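Working through the structure, step by step
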Amino acid sequence: YAPAPVYPQLAQAMRIEGAVRMWVVIGRDGRVEQIRLIDGHPLLVRAAMDAVKQWRYLPSYRYGLATRVVTTVELHFRLRDSPSPPDRDRKPVRV
């Protein structure tokens, strides 16, 4: 379960886009236990953290025991009318 963040209205009005990176601790039950900001625009941070707090992961096991996991999460905020970044892995299509 991983709901998308709600794009903050002020950030939309100001046409702010970008990524928010967070350090996340996932508990033995798959719930997010801790979140710490690595970087991101201040107007986007709260929405990103609120979304990630709701995420649920499948528990990770080590030696048959559920274990906590530390990872980083990056959420991207992009306005709908913005051009997509170039896809480096895609080859041009000739018509």
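The present account deals with the structure reproduced in this document. The residue count restarts for each chain, going from 1 along the sequence in the order it is written. Where local features are concerned, this predicted model is filtered to residues with pLDDT of at least 70; where side-chain atom pairs are given and counted, the filter is 80 or more; whole-chain, interface and lining totals use all residues. Think of the side-chain values as coming from all heavy atoms in the structure, minus any hydrogens and water.

Looking only at helices and strands, the protein features two helices and five strands. The secondary structure elements of the protein, listed N-terminal to C-terminal, are α-β-β-α-β-β-β. Think of it in three bands: residues with accessible area under 20% of the maximum for their type are buried, residues over 50% are exposed, and the middle band is partly exposed, with areas taken using a 1.4 Å probe on protein chains only. In the protein, which comprises 95 residues, the share counted as buried stands at 28%. For the protein, the computed accessible surface area is about 7400 Å², with 52% contributed by carbon and sulfur atoms. Secondary structure elements are defined from DSSP: runs of H or I of at least 4 residues count as helices, runs of E of at least 2 residues count as strands, and each element is numbered from the N terminus. In short, Shrake-Rupley with a 1.4 Å probe defines the accessible areas, and a residue's cover is counted only from the protein chains shown.

Glancing now at the pattern of salt bridges. Salt bridges are defined by distance alone: a side-chain nitrogen of Lys or Arg within 4 Å of a carboxyl oxygen of Asp or Glu. A complete count under the given rule lists four salt bridges for this structure. With a shortest N-O distance of 3.2 Å, Asp39 and Arg21 are connected by a salt bridge. Of this pair, Asp39 sits in strand S2 (residues 32-39) while Arg21 is found in strand S1 (residues 18-26), placing the two residues 18 residues apart along the sequence. Note on Asp39: relative accessible area 34%, which makes it partly exposed. The partner of Arg68 in a salt bridge is Glu33, with the nearest N and O atoms 2.9 Å apart. Here Arg68, found in the loop between strand S4 (65-67) and strand S5 (69-77), pairs with Glu33, found in strand S2; they are 35 residues apart in sequence, far enough to count as distant. Arg68 sits in the partly exposed class, given a relative accessible area of 40%.

Within the span of helix H2 (residues 42-54), buried status applies to Leu44, Val45, Ala47, Ala48, Met49, Ala51 and Val52. Contacts were defined at the residue level, with two residues in contact if any of their heavy atoms lie within 4.5 Å. The secondary structure elements touched by the buried residues of H2 are helix H1 (9-13), S1, S2 and S5.

Moving on to the nonpolar core. Counting 21 residues, the largest nonpolar core has Met22, Val52, Leu75 and Phe77 as its most contacted members. When residues of this core are traced back to their parent elements, those giving at least two are S1, S2, H2 and S5. Here this core takes seven residues from H2, the largest share from any one element. Not counting residues within four places of it along the chain, the set of residues in contact with Met22 comprises Ile35, Arg36, Ile38, Ala48, Met49, Val52, Thr71, Thr72, Val73 and Leu75. The definition of a nonpolar core used throughout is a set of buried Ala, Val, Leu, Ile, Met, Phe, Trp, Tyr and Cys residues joined through side-chain atoms within 4.5 Å.

Moving on: the sheet that holds S5. Any two strands between which DSSP finds at least two bridges are classified as paired. As summarised here, the arrangement of the three strands in space is S2-S1-S5, forming an open sheet in which the pairing is antiparallel. Both edges of this open sheet fall to S2 and S5, since each of them pairs with a single strand only. Pairwise comparison of adjacent strand axes, ignoring direction, gives a mean angle of 30° for this sheet. When S1 meets S5, the two strands line up antiparallel, connected through nine bridges. Paired with Val24 across the two strands is Thr71, which belongs to S5. Working convention: axes come from line fits to C-alpha atoms, limited for helices to the stretch in contact. Angles between N-to-C directions cover 0 to 180 degrees.

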